[in-house]
Amino acid sequence: MMGEITDFDRKIVKSQLKKSPRGLIDIPVRCIYGYPVVLTTRPLIREGDEFEIFPTLYWLSCPKRVEEVSRIESDGYVKKLEEEIASDSALKEKYSKAENRYLEEQKSLLSEKDKSFIEKKGLKSALRRGIGGIKSDEHLKCLHLHLAHHLADENVLGRLIQKRFDLGDCPTDYVRCKKF
């Protein structure tokens, strides 16, 4: 069930992302202070005659976590996880299941009108790509998206990242979103 998004939420999200969010439909995860951590966005954004397939269903918006995951990525952790997936068939299977759940959730957010539009435009394959817009058993695109998916639903790679790096809320003496 989708929750209410207030004007205050939109202001915070705009400050977190440094831009207005497009296609925002839910804030499924909030920190202990009540600020958005994960956003849910529409898989198809239509504005008049313009449209965009948006493969990012769950978006990590928490500035602290975004910064921490960016550091982890810059330290080469994407490659490390790709190697783990390649060498561990159980992990690869769990990752594949997470991708399939992600795609099913994405599809469930499309209205019949959206589905018809996608069919008419020949864009069905664009929504068959996995987390981050790629479909690959060997490569990852963005750890931010895997963590966001884990926090909102369940994603084995996001769970590994969370467990290994203990990515949590801001300390009480420095709540980043409070300054927005």
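In the block above lies the structure referred to throughout.
Presented here is a report on the structure given in the accompanying data block. Please read all numbers here as calculations on a predicted model, not as lab measurements.

### Notes on the sheet that holds strand β1 (residues 24-30)
Read across the sheet, three strands follow the order β1-β2-β5 without closing on themselves; strand pairing throughout is antiparallel. Among the strands making up the open sheet, the edge pair consists of β1 and β5 (58-60). On average, each strand axis in the sheet is tilted by 30 degrees relative to the strand beside it, whichever way the strands run. Here β1 pairs with strand β2 (residues 36-41) via four bridges, running antiparallel.

### A word on the packing of aromatic side chains
Applying the stated criterion across every chain yields a total of four aromatic pairs. Measuring from centroid to centroid gives 6.2 Å for Y58 and Y102, while their planes differ by 70 degrees, and the two rings are edge-to-face. Residue Y58 is located in strand β5, and its partner Y102 is located in helix α4 (residues 89-108); the two are separated by 44 residues in the primary sequence.

### Some words on the pattern of salt bridges
Pairs can form between side chains of opposite charge once their charged atoms are near each other. If you walk through the whole model with that rule in mind, you get twelve salt bridges. R22 is paired through a salt bridge with E52; the nearest N and O atoms lie 2.4 Å apart. Of this pair, R22 sits in the loop between α1 (7-17) and β1 while E52 sits in strand β4 (residues 50-53); the two residues are 30 residues apart in sequence, bridging distant segments of the chain. Exposure remark for R22: the relative accessible area of 37% places this residue in the partly exposed category. A salt bridge links K64 to E68; the shortest N-O distance between them is 2.9 Å. Of the two residues, K64 and E68 are both situated in helix α2 (residues 63-74); the distance of four residues between them amounts to about one turn of the helix. Owing to a relative accessible area of 13%, K64 belongs among the buried residues under this scheme. Since its relative accessible area comes to 18%, E68 is described here as buried. Where salt bridges share partners, they join K80, E84 and R164 into one cluster.

### Points about the side chain of N155
If you trace the backbone, N155 turns up in the loop between α6 (143-152) and α7 (156-165). A polar atom in the side chain of N155 sits 3.1 Å from the side chain of H146. Looking at N155, its side chain comes within polar contact range of the side chain of H149, at 3.0 Å. Beyond its immediate stretch of four places on either side in the chain, N155 contacts A98, R101, I131, H146, H149 and H150.

Each value, and the rule that gives it
- Residues numbered from 1 in each chain as written.
- Predicted model: local features only at pLDDT ≥ 70, side-chain atom pairs only at ≥ 80, totals over all residues.
- Heavy atoms only, no water.
- Pairing = 2+ DSSP bridges.
- Helix = DSSP H or I, 4+ residues; strand = E, 2+ residues; numbered from the N terminus.
- Axes fitted to C-alpha atoms, helices over the stretch in contact; angles between N-to-C directions.
- Phe/Tyr/Trp six-rings, centres within 6.5 Å; stacked < 30°, edge-to-face > 60°.
- Salt bridge = Lys/Arg side-chain N within 4 Å of Asp/Glu carboxyl O.
- Buried < 20%, exposed > 50% of the residue type's maximum accessible area, 1.4 Å probe, protein only.
- Polar contact = N/O pair within 3.5 Å; in protein donor to acceptor, adjacent residues only side chain to side chain.
- Contact = heavy atoms within 4.5 Å.

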